[in-house]
Amino acid sequence: MKTRLITREGFNKLKAELDYLWREERPEVTKKVTWAASLGDRSENADYQYNKKRLREIDRRVRYLTKSLEELRIVDYSPQQDGKVFFGAWVEVENDEGEIKRFRIVGYDEIFGQKDYISIDSPMARALLKKEVGDAASVQTPAGPVQWFVNEINYLR
């Protein structure tokens, strides 16, 4: 089960997407469907077929976003978090081979389209929670446990 947390920035992005879909894209696609339907035979009308499909996709996303925005809990930065890894942190870690990774720990709904964001529910994030700079975190991988050392923690990009 995914943790229902989100950063304020992530919440605002989802809200903006919902507003755009509902106020701009959906009315535009609805007009196209109405226009295409007025042309007659819908079975061979590509405009009608495509826009009807797009309308279903928009409605599905609108339902998902509406439900998610009601259930998600916004987690704002707090000065007490400084020095430790918590939700919303930017973390740089390094393993024994010198491989360095930098990412932000966020909610599941924020990771899509962001290559440097990881879910709070991921094994890496779970292993890093409450760690400080210099601490080691053992992350379970399919190949066995891997040690990562915390190089840097901050809450601003």
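In this text the structure is predicted, and so the values were computed from the model without any measurement.

**Focus on the overall build of the chain**
Counting its secondary structure elements, the chain contains 3 helices and 7 strands. For the chain, the α and β elements follow one another from N to C terminus as β-α-α-β-β-β-β-α-β-β. Computed over C-alpha atoms, the radius of gyration of the chain comes to 21 Å, more than 25% over the 15 Å expected from 2.2 N^0.38 for 157 residues, which places it beyond the range of a compact globule. By principal-axis analysis of the C-alpha atoms, the chain measures approximately 70 × 35 × 25 Å. Counting the 157 residues in the chain, one finds 38% classified as buried. For the chain, the proportion of contacts with a sequence separation of at least 24, taken over those separated by at least 6, is 56%. Looking at the chain as shown, the accessible area adds up to about 9900 Å², and 52% of this sits on carbon and sulfur atoms. Computed over 28 positive and 27 negative side-chain charges, the inter-centroid distance for the chain is 6 Å.

**Observations concerning the sheet that holds strand β7 (residues 144-154)**
In space, the 5 strands of this open sheet follow the order β5-β4-β3-β7-β6, with mixed pairing throughout. Edge positions in the sheet fall to β5 (117-119) and β6 (136-141), since each has one partner strand and no second. On average, adjacent strands in this sheet sit at an angle of 45° to one another, irrespective of strand direction. In terms of strand pairing, β6 meets β7 through 6 bridges, oriented antiparallel. Note that in β7 the partner of Ala-137 across the bridge is Trp-148.

**Things to note about unusual backbone geometry**
Of note, Lys-130 is a non-glycine position whose phi angle comes to about 70°, a positive value. Following the sequence through the fold, Lys-130 ends up in the loop between α3 (123-128) and β6.

**Some points on helix α1 (residues 8-37)**
Its 30 residues place the ends of α1 41 Å apart at the C-alpha level, agreeing with the 44 Å of an ideal helix rising 1.5 Å per residue. In α1, a bend of some 40° at Leu-21 exceeds every other bend along the element. Among all positions in α1, only Gly-10, Phe-11, Leu-14, Leu-18, Leu-21, Glu-25, Val-29, Val-33, Ala-36 and Ala-37 are buried. Buried residues along α1 sit in contact with β1 (5-7), α2 (46-71) and β2 (73-75).

What counts, and at which threshold
- Residues numbered from 1 in each chain as written.
- Predicted model: local features only at pLDDT ≥ 70, side-chain atom pairs only at ≥ 80, totals over all residues.
- Heavy atoms only, no water.
- Helix = DSSP H or I, 4+ residues; strand = E, 2+ residues; numbered from the N terminus.
- Rg over C-alpha atoms; globule rule 2.2 N^0.38 Å.
- Buried < 20%, exposed > 50% of the residue type's maximum accessible area, 1.4 Å probe, protein only.
- Contact = heavy atoms within 4.5 Å.
- Areas by Shrake-Rupley, 256 points an atom, 1.4 Å probe, with all protein chains shown as cover.
- Lys, Arg positive; Asp, Glu negative; His and termini not counted.
- Charge placed at Lys NZ, Arg CZ, Asp CG, Glu CD.
- Pairing = 2+ DSSP bridges.
- Axes fitted to C-alpha atoms, helices over the stretch in contact; angles between N-to-C directions.
- Expected span 1.5 Å × (residues − 1).
- Bend = angle between axes of the 7 residues up to and from the residue.

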